[in-house]
Amino acid sequence: MARVSLFVTCIVDQIFPQVGIAMTDVLERLGFEIDFPPGQTCCGQPAFNSGYPEEARWVAGHFLDVFRDSEYIVVPSGSCTSMIAHHYEEIFEGDAKRLEEAQRMAPRVWEFSRFLLEVARVEDVGARFDGVVTYHDSCHALRELRIKDGPRRLLANVRGLELREMDMAEQCCGFGGTFSVKFPDISGAMARTKIESIRKTEAATVVSIDSSCLMQLQGAMQRAGLPIRTLHLAEVLASR
Amino acid sequence: MTARDQILADIRAGLGRAGSAKPAPLEAPLLRTPQKDRNLYVQLFVQNLEKLSGKVFVVPSPDQVVPILADLVRGKQAVASNAPFLRTCGIGGFEQVRSDLTDREALREGCAKADVGVTCVDYALAETGSFVMLSSPDEARLISLLPPVHVAVIPRSRILANLDELFATLPKPAEQTSAMALITGPSRTADIEQILIRGVHGPGEVVAIVVENC
Amino acid sequence: MAAIPESQIKQTLGDSRLQLAIYSSTQRLMDHRAAAVAPERLPEYQDLRTRANALKRHTIENLDYYLEQFESNVVAHGGKVVYCRTGDEVADFVLGLAKERAARLIVKSKSMTTEEIHLNERLERHQLEAVETDLGEYILQLAHQRPYHIVAPALHMTRYDVADVFTENLGIAKEVVPENQTKIARATLREKFLQAHIGITGANFLVADSGAIVFVENEGNARLSHSAPKIHIAIAGIEKLIPRAQDLAVFLNLLARSATGQALSVYTSFVSGTRRAGEIDGPDEFYVVLLDNGRTKLLRDPEKRQSLYCIRCGACLNHCPVYRKIGGHNYPWVYSGPIGAIITPQFHGVAENGWLPFASSLCGACAEVCPVKIEIPRVLLKLRSEVTEARRAQGTGGWERLGFRAWAWLMTHPGAYLLFASLGSKFAGLMPKIGPLGKWASQREVPRLAPKSFHTLWEERKRR
C-alpha cells in the first residue's frame, strides 16, 4: 500500500477544509495510506507573486523541510503545485543546496487529479453526484501544468453527473492573488464576465481543481444573486 | 562620440562584452518543403485566391488571355506593364491598354487615371493565393497599386507552393530588386467598427488569369 | 509616467458600449488566429514558435554584429543608415533632410516606433505636413488621439465618432456609412501620396544579410508611401533585426496569423536601397533610421532581454483578460497590453510605473499565444520584485513589506500559524473593511475562515 503525503494548501486548511477531507476520503478508498505532515503551512506563492522573493524563499524552504521524506505529495491546487514544481527553481537560484532539494522535490509533487490518473491509474473512483456541472480551467493548471482533459475524464465517470462546457472555460476568473486586492474593480469585472458564461450553461455547480478560483467565483456569484454552487473536484469525486 | 558608436558601445555593454564578437553559427533556415503534388498547385492557387474574393480565370494558352482581358477593360482605361509575357499574350498591341510606359511621370499619371492595371508576376504562391512581384524595368510598382482593379497574368510554371519555397528559390531578393511585393488578395481594412471594407488604398478588385502550358 | 487614475479605469469598466467594442473586436481577432494556427491548418505552429524564439535570441545576443552587417548591405544597395539615440535625433534628421530638399509634405504609414517618439508632433511644429495614411491612424490623427490597440488603432470609435471627426476636420457633410467614409479617406489621401516629397514607413523586420526592410499591411498605404514619393525613410527600433532573408519564412508564417488570422497580410514588402537602374518608379533616396531610445537598456538583464523579441503582432493584447476590460488608453504608454506592461517599466523606470507589473492575474494567456515565446508572466514577476526593491530603496511600501515579513514568519512557525489562524476564525468577522480589504470586499461576498482548520479536522479524524 503506497503512502501519500497531503499538502492541503493554506487556503484549504483555513477556508475550505472540507476539500482536504474529500481528498482524503477518495485516496483512502483507493487504498492509499495517508500522511499529513503537521508542520505544513504554505508554498510561498503569495509572497513570490507580490514581489517578495526573499520572504517566499523562507516559506518555500520550510516546505522543503516539512516534506523532505515524502515520496508522493498530493495537492488540491494547480497553482500551488506549479509553484513548487516549476517556480521553486527560480526562487532558489543562487542557493545550490536548496536548488538541488527543489529539483528533487519537483517530480514528487502531484496535483490531485493528475495523481489519480497517472499514479493511482484510475479514471473511475466510484463517485455519484446528480446534477449538471460545468468546469472551470484554472490558469496555472491549464497553462503551466497542462491539465485540461484529466479532470474532465474523471468527471465523465461520475454517475449521475452531466458535464456542460461553458464558452469561456479557459478565461481567467480574475483572482490572481494580490491582483484582486490591488485591482479589485478589474478583478470584479473579470469575475462577472466569467460567471455570466457559467450562468449560460444553466449548471447548478461549477467545479475546479483550484480553491482560490472557486472562492473568487463564489464571491461574485453570491454578490450577483446567482444560486450556483462551487465545488472542488475532490468534493465531487468523494460524493457517493 | 557619434550616435552609431554610442549605440554599438551600449549594445556591447548591455550584453556584457568589451568588444565585438562573431556569433555562433546559426542553424540552417527552416523552410518547409511543399508536400503537395505540383499538379495541384493551380487548383490550390485558385481556391485560395477565391477565398479572398479574388477572381481567377484559367486558360490553356497565351492567346486566350486577351478575350478575357477585353471584358475586364471594356469601357475603362487600363495600363499594362512591360513584362515580355504580356507581349506574348498580345497585350502590347491591345488598343484599350496603355503599355510601354517607361517614363516615371507618365507612368504615375497613367496609373492615377487608370481603372485597371495589368501586370505579369514573377511568382505566385499556391498556399496563400499570392502574387510575387519584383520591381524591375518590366514591372513598375504603381501599376499593381494605384488603379482600383489589378489583373495579373500568370504563367502556370511560376506558381510555387508557398512562402517557404519562394525563399528557397530566391534566397536574396535584394540582389534582384529594390522592392519585392507579396500581394495576397485585394486591399482591405477593418479599422471602422471591425467592418471589412475592400479597396482602401490599393486595388479593391484582384483578378488572376492563369495560363497553362506556360 | 504617472499611474492611470482609478477613476479612469472605473469609467472604462462602466462604459458598456466600449466594453462591447473591445470585447467583440478582440474576440474576433482571437477566433481568427485560432483558426489560422490550428493543427489542421498549420501543423508546424509550435515548431515555428520555437524557431522564431531561437532566431530572436541569437540576433539580440549578437545585435551589434547584425546591425553592422545590415548597415553595410543597406549602403551596398544605395541606401543610407542613420543611427539615432533618441526621438529628438530622429526628428532632427527628418527635419534636416526635409529642409535640404525643400520638402513640405510627408506621407506616413503605420509605425508604433514613430508613435513612441511623437514624431508627427515634432514635425508639425516646423510647418511640415506629416499625414498618417493608415485609415485608423488617419482618423486618430485628425481626432488627436493615440492608438487603442497595436493592430486595430481605432477599435474604440464608432462610425458616428468617425463621422464627427471627418466633418470637423475635412469640412464635409456628415457621413456615417463606413464604406463611404473609407472612400473619402481614400480620395483625400491619394492626393497626398501623389504630391508628397517624402514617404516614411516603419518596418516589421530589418534583414541583416540583405540590407532590406520588411513591412506588412492590408491597405496598401505603406506600399504607396514608399513607391510614390522620391524619398523613402524607414524608421525602426534596432531590435527589429533578423539574420537572413530566408528566416522570413519562419516570421512571416507567424506574424499575420497571430495578429489577425490571415495566412499573409495583403501586402508584404521587401525593400532595399534606392530604385535600381532601369526601374521606372521607386525612390531615388532611401534611408533607414535605426532607433535606440532605451532599447539598449533592456539588453542588460539576461532574463528580461527577451522583451525585445516582440514582433508587434498584438496577440497578447487580444488574449489578455485585463486588456479586454480596460482597453488601450488605460496604459501609460503607446504600447499597451501585456507587452506594454513589461516594456514600459524597463524603458521608463520601475519606480514610476510600479503599478503596471501588478495589473495582471498572471493567467499566462499571453505567453501561450506569443509567436516568439516571450515569457511575459516570468518577466512580470521579475519586475514585481524590482518594484518592491525600488520602494525599499525609496523608503516607501514599508507596511506591505512588514506585512509579508510577518506573514513569512508565521508560515515558518507552524505553531504560531495555527494559533493565529484559530484566533482569526473567531474574530475575522469583526475586522473593519477598510483600506485594501475594503476595496476587495466591495466586489464580492467575503469568505469566512472555517471554524475548524484542516489541521484540527485531521487530528479529530485520527483520534476516531
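To be clear, the structure that these remarks concern was listed above.
This report concerns the structure included in the present document. Treat the numbers as computed from the prediction; the structure is a model and nothing was measured.

## Remarks on the interface of chain C and chain A
(1) Moving on: Counting residues at the interface gives 46 residues for chain C and 49 residues for chain A.
(2) Moving on: Looking at the side of chain C that touches chain A, the elements with two or more residues in it are α1 (6-14), α15 (323-326), α17 (365-369), α18 (376-394), α19 (398-411), α20 (414-427), α21 (435-442) and α22 (454-463) of chain C.
(3) Moving on: For the side of chain C that touches chain A, the leading source of residues is α18(C), giving five residues.
(4) Moving on: A class-by-class count of the residues in the side of chain C that touches chain A yields 27 nonpolar, ten polar and nine charged.

## Observations regarding the interface of chain B and chain C
(1) Moving on: Each partner contributes residues to the interface: chain B has 60 residues there, and chain C has 74 residues.
(2) Moving on: Of all the secondary structure elements, the ones that give two or more residues to the side of chain B that touches chain C are α1 (3-14), α5 (104-113), α6 (163-169), β9 (179-183) and β10 (188-189) of chain B.
(3) Moving on: Top contributing element to the side of chain B that touches chain C by residue count: α1(B), with nine residues.
(4) Moving on: Of the strand pairs in this sheet, β9(B) and strand β9 (residues 267-271) of chain C are connected by five bridges, and their pairing is antiparallel. Across the sheet, residue B:Leu182 finds its bridge partner in β9(C), namely C:Thr268.

## Some words on unusual backbone geometry
Residues and elements named next belong to chain C.
(1) Moving on: With a phi angle near 60°, glutamine 127 is a residue other than glycine that sits in the positive phi range.
(2) Moving on: Note that glutamine 127 resides in the loop between α7 (119-124) and β3 (129-132).
(3) Moving on: A positive phi is found at asparagine 293, a non-glycine position, where the angle reads about 50°.
(4) Moving on: Tracing the backbone shows asparagine 293 in the loop between β10 (285-291) and α13 (295-298).

## Description of the sheet that holds strand β6 (residues 159-163) of chain A
Residues and elements named next belong to chain A.
(1) Moving on: Strand order across the open sheet formed by four strands is β6-β5-β7-β8, with parallel pairing between neighbours. Edge positions in the open sheet fall to β6 and β8 (229-232), since each of these has one partner strand only. Taking each pair of neighbouring strands and ignoring which way they run, the sheet shows an average axis angle of 40°.

## Digging into helix α8 (residues 135-143) of chain C
The periodicity of an α-helix, 3.6 residues per turn, causes residues three or four positions apart to be oriented the same way.
(1) Moving on: Taken together, the buried positions of α8(C) are occupied by C:Leu135, C:Gly136, C:Glu137, C:Tyr138, C:Ile139 and C:Leu140.
(2) Moving on: Check the buried side of α8(C) and you find it contacts β10 of chain B together with β3, α9 (159-170) and α10 (178-195) of chain C.
(3) Moving on: Immediately beyond the C-terminal end of α8(C), within one or two residues, lies C:His144, with a positive phi of roughly 55°.

## Here's the deal with the arrangement of the chains
(1) Moving on: The pair of protein chains exhibiting the most contacts, out of two pairs of chains in contact, is chains B and C.
(2) Moving on: These two, chain A and chain B, are apart from each other, with no contact and a minimum C-alpha gap of 20 Å.

Rules used in this analysis
Residues numbered from 1 in each chain as written. Chains lettered and ligands numbered in written order. Predicted model: local features only at pLDDT ≥ 70, side-chain atom pairs only at ≥ 80, totals over all residues. Contact = placed C-beta atoms within 7 Å. Helix = DSSP H or I, 4+ residues; strand = E, 2+ residues; numbered from the N terminus. Nonpolar A, V, L, I, M, F, W, Y, C, P; charged D, E, K, R; others polar. Pairing = 2+ DSSP bridges. Axes fitted to C-alpha atoms, helices over the stretch in contact; angles between N-to-C directions. Buried ≥ 20, exposed ≤ 12 C-beta atoms within 10 Å, placed from the backbone.

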